[in-house]
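Each chain is listed here by its residues.
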Amino acid sequence: MFSQINEVKSFLVEGVCRIQFQKKDGSTRVLMGTLEPSYFQDDTSLTSTQRKPTANTVLAVWDTENEGWRSFIWDNLISVEVPMTPSSYVIEGPLYDKA
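This one's a predicted model, so the numbers in the text were calculated from it and none came from an experiment.

(A) Here's a closer look at the pairing of strand E5 (residues 77-82). As paired strands, strand E1 (residues 17-22) and E5 are joined by 4 bridges and run antiparallel to one another. Residue pairing across strands places Arg18 opposite Glu81, the latter belonging to E5. Examined bridge by bridge, E5 and strand E6 (residues 89-92) share 4 bridges and lie antiparallel to one another. Residue Val80 lies in a different strand from E6, and its bridge partner there is Ile91.

See the structure below:
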């Protein structure tokens with residue numbers, strides 16, 4: 001699973017992916033997210049240490065549609081769809097980084 005987490009992070013650093021996850025309240029959320037700095041480098045709403053949770057169980061991503069940081073728990077990840085790949089590439093969750 002750790003390699004899949006790294007794979008998801010590498011895709012997010014390179015561009016925008018469609019992320020679907022279950023929220024804490026049980027509802028499902030879909031967002032277009034990225035970790036590619038050009039999308040959020042002008043964001044001054046939070047300091048860089050506040051943007052990304054340090055827990056290995058959580059990942060914060062920049063929501064390109066709502067222009068803000070959103071986070072999800074790896075265990076609640078349903079899928080990540082990577083656009084611009086030769087075929088439809090989907091990584092299905094849940095994923096959990098136990099490191």
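(B) Representation of unusual backbone geometry within the structure. Although it is not a glycine, Glu67 sits at a positive phi angle of roughly 50 degrees. With respect to the secondary-structure elements, Glu67 resides in the loop between strand E3 (58-63) and strand E4 (68-73).

(C) Structural detail: the pattern of salt bridges. Inspection of every chain in the model, using the stated rule, returns 3 salt bridges. Its salt-bridge partner being Glu81, residue Arg18 comes within 2.9 Å of it at the nearest N-O pair. With Arg18 in strand E1 and Glu81 in strand E5, this residue pair connects regions lying 63 residues apart in the sequence. Residue Arg18 is classed as partly exposed on the basis of its relative accessible area, which comes to 27%. Linking Arg29 and Asp63 is a salt bridge whose minimum nitrogen-to-oxygen distance equals 3.2 Å. Here Arg29, found in strand E2 (residues 28-34), pairs with Asp63, found in strand E3; they are 34 residues apart in sequence, far enough to count as distant. The network of salt bridges with shared partners includes Arg29, Asp63 and Arg70.

So, how was this worked out
- Residues numbered from 1 in each chain as written.
- Predicted model: local features only at pLDDT ≥ 70, side-chain atom pairs only at ≥ 80, totals over all residues.
- Heavy atoms only, no water.
- Pairing = 2+ DSSP bridges.
- Helix = DSSP H or I, 4+ residues; strand = E, 2+ residues; numbered from the N terminus.
- Salt bridge = Lys/Arg side-chain N within 4 Å of Asp/Glu carboxyl O.
- Buried < 20%, exposed > 50% of the residue type's maximum accessible area, 1.4 Å probe, protein only.

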